[in-house]
Amino acid sequence: MDADNGFPQRDVSTVQSVSTEPPQRMTKRQILTLISIASVNFSSMICYSILGPFFPNEAVKKGASQTDIGLIFGCYAVCNLIGSLILGKFIVQIGAKFMLIAGLFVSSGCTIIFGLLDRAPAGPTFIALCFIVRSIDALGFAAAMTSSFALTAKIFPNNVATVLGSLEIFTGLGLILGPPVGGWFYQSFGYEVPFMLLGCFLLIMVPFNIFVLPTIEADPSKDSFFRLLTNVKILLISYVIFTLSAGLGFLDATLSLFAIEKFNLSPGYVGLIMLGLSLPYCLASPVMGYFTDKYPATRSWFMVSGGLATALGFCLLGPAPFLNINGPLWLLVVMLGVIGFSLGMTALPTFPEIITCVYEEGFEEGLSTLGMVSGLFGAVWSFGMFYGPIVGGLITQNLSFEWAALIQGGLAFFAAFLLGLHYIFHKQPPQRAPSEPTEEETTPLLNP
C-alpha cells in the first residue's frame, strides 16, 4: 500500500485471477469519503422527499391544478437534466469537490426559501415562484449528486455497486424519514417549519464536507456524451433508468392525493404508507450492490427481473381498471413494497454496468469519463422525473390514477423486455476493471 495516497496498489493484469489474499481494509481517506457522500445522499434526499405528503394538497389550496403540480415537480427534473449533462462534462474543470459543496449550499438556500412560499399570493404568483425556486434547487442537486457519483466510482473502482448500495442506505433513510417527518411537522407546526429545519441541516453539511471530502485532480477528456450513446446496451440501460425515475416521479406527484381521496388519510398517514416504497429499497440496495459486484454477469438479469417486478407492482397498485378490483389499503402498501424492492434490484447494477461498457468502448479511465457517466445517469434519471409527474398527472387528471399506474407499469415491462432480448442475442463481453487512483490524482487527506 502506498502510504502517500492511501490507496491499495495492485497489478491490473491479475484482475481476472482469483486472489487468495484477504480483502484490504478501507483506508482512512476512503472511510472519510464514504461519510461525506453518505451525508450528501441523506441530507439531499430528505429535503427532496418531504414534498410528497403535503405539498400537492397545499398547492391545490393555492390555486394549482393537478397538471400545475406535475409541472412543478417536472421543472425540477428538466433543470436537473440540463445541469447533469453540463456539469458532468466539465467536472474536471470545475473540480468535483467544489461542485459538490457549491451544490449543497445552493440546495440549502432554496429549501429555506421554498418554505416561505406559503406567504406568496395564491394563483400565478405562487406557481411561478415554485417554478423558479425548484429550478435553482435542481441545479444545486445536480451538482452535488453528479460529483458524488463520480467521486465514488473513482475512489472505489472495483466495488462501485457495493459502495453505491451501501450509500443507498442513507439515500433510503432520507426517503424514509422525509415523508413522515415532513408530514408530521406540517401537521404540527405548519408549512414553513419542515423546510426551515431541513434547509438548515443541509447548510451544516457544507463546512463538514469542506474539511472531510478529498480533492482529486484529473485531466479533461476529449470524449463526448454522443459517443456514449452509440452503444446499444448503454441506450437500453438508459431507458431502464428512465422508467425507474418516471415511476418515482409519478408517485411523488399523484400518490398522496390518490391516498387522501380514496382512503381519507391525513398527510401524516400518507407519509407512513410511503415507507412501503422507501424501506424495501433501503434494505435491498446494499445486498444487491454486493451481489452484483461479486457476480457481474448477473447485472443484466437483475435489471430484467427488477423491471418485470416493477411492472407487476404498478399494475396492482391502483389496481388496473380491467381487473375490476377495489384495491384495499394493504394492497397499495404491499405493491409499494414490491416497487421499492425492485427499484433496488434494477437501479444498483445500472451505473457499474455503464462504466464497464464505456471502458470496453475505449474511453479514457479517469474522473472526466466518470463525470460524463454520472452526468448521463443524472440526465436520464431527471428526464424520467420530468416525464413521470407531468404525463402521470395529465393521465390521472383526464382518466384516473389506476390507468396512469398501469401505463407506467407498461413502460417498465417494455424496458425489461428489450434488455432481455439484447442480453439473449448478444454475448456478454469480458468484464474489465478500471485502474486505481494514482498518487498524482489525489491530494493530501484533509486539504479543503
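Parameters and conventions
Residues numbered from 1 in each chain as written. Predicted model: local features only at pLDDT ≥ 70, side-chain atom pairs only at ≥ 80, totals over all residues. Heavy atoms only, no water. pLDDT = per-residue confidence, 0-100. Helix = DSSP H or I, 4+ residues; strand = E, 2+ residues; numbered from the N terminus. Contact = heavy atoms within 4.5 Å. Phe/Tyr/Trp six-rings, centres within 6.5 Å; stacked < 30°, edge-to-face > 60°. Buried < 20%, exposed > 50% of the residue type's maximum accessible area, 1.4 Å probe, protein only. 1 Å grid on protein atoms, 1.4 Å probe; cavity = no way out; pocket = protein on both sides within 12 Å on 5 of 7 lines; lining within 4 Å. Points joined across faces, edges and corners; volume = space filled by probe spheres on them. Nonpolar A, V, L, I, M, F, W, Y, C, P; charged D, E, K, R; others polar. Expected span 1.5 Å × (residues − 1). Core = buried A, V, L, I, M, F, W, Y, C linked by side-chain atoms within 4.5 Å. Axes fitted to C-alpha atoms, helices over the stretch in contact; angles between N-to-C directions. Parallel < 35°, antiparallel > 145°, perpendicular 65-115°, else oblique. Left-handed = near helix turned anticlockwise from the far one by under 90°.

(A) Up close: the confidence of the model for the protein. For the protein, mean pLDDT is 77; residues scoring 70 or higher make up 85% of the total. Confidence, read as mean pLDDT per element, is least for helix α11 (residues 267-273) in the protein (71) and greatest for helix α13 (residues 299-317) (88). Note that residues 1-23 has pLDDT below 50 and, in this model, 33 contacts with residues that lie over four places away or in other chains. Contacts for the low-pLDDT stretch residues 429-448, under 50 throughout, to residues beyond four places or in other chains number 65 contacts.

(B) Spotlight on the environment of Gly172. Mapped onto the secondary structure, Gly172 falls in helix α7 (residues 160-189). As a C-alpha pair, Gly172 and Leu277 span 105 residues in sequence and 9.5 Å in three-dimensional space. Excluding residues within four positions of it along the chain, Gly172 makes contact with Ser278, Tyr281 and Cys282.

(C) Summary view of the packing of aromatic side chains. Inspection of every chain in the model, using the stated rule, returns 15 aromatic pairs. Taken together, a centroid distance of 5.4 Å and an interplanar angle of 50° make the contact between Phe55 and Phe114 tilted. Here the residue Phe55 occupies a position in helix α2 (residues 51-61), and Phe114 occupies one in helix α5 (residues 96-114), the gap between them amounting to 59 residues. Residue Phe114 is classed as buried on the basis of its relative accessible area, which comes to 3%. Grouped by ring-pair contacts, the aromatic residues Phe55, Phe114, Phe126, Tyr191 and Phe195 constitute a single cluster.

(D) Structural detail: empty space enclosed by the protein. By the definition in use, this model includes nine cavities of 30 Å³ or more. One number sums up the size of the second largest cavity: a volume of about 130 Å³. If you go around the second largest cavity, you meet 15 residues; those closest to its centre are Cys47, Tyr48, Thr111, Arg134 and Asp137. Elements that contribute at least two residues to the lining of the second largest cavity include exactly α1 (28-49), α5, α6 (124-155) and α8 (192-212). Counted by class, the lining of the second largest cavity contains ten nonpolar, three polar and two charged residues.

(E) Representation of α8 in the model. With 21 residues, α8 should cover 30 Å at 1.5 Å per step; its first-to-last C-alpha distance of 31 Å lies within 8% of that length. Residues Glu192, Pro194, Phe195, Leu198, Gly199, Leu202, Met205, Val206, Asn209 and Val212 constitute the buried set of α8.

(F) Just the nonpolar core, in detail. If you look at the biggest cluster of nonpolar residues, it comprises 122 residues, and the most contacted ones within it are Phe55, Phe114, Leu251, Leu317 and Phe351. For this core, the element with the highest residue contribution is helix α10 (residues 232-263), accounting for 16 residues. What Leu317 contacts, discounting residues up to four positions off in sequence, is Leu251, Leu332, Met335, Leu336, Ile339 and Phe401.

(G) Here's a closer look at the packing of α13 against helix α16 (residues 401-425). Viewed as axis vectors pointing N to C, α13 and α16 meet at an angle of 160°, and their least axial separation amounts to 7 Å. As summarised for this structure, α13 and α16 are arranged roughly antiparallel, according to the angle between their axes. Between α13 and α16 lies a crossing of left-handed hand. On the side of α13, the interface is formed by Ser300, Trp301, Met303, Val304, Gly307, Leu308, Thr310, Ala311, Phe314, Cys315 and Leu317, while α16 contributes Phe401, Ala405, Leu406, Gln408, Gly409, Ala412, Phe413, Ala416, Leu419, Gly420, Tyr423 and Ile424. When the residues that make up the contact of α13 with α16 are grouped by side-chain class, the tally is 17 nonpolar, six polar and no charged.

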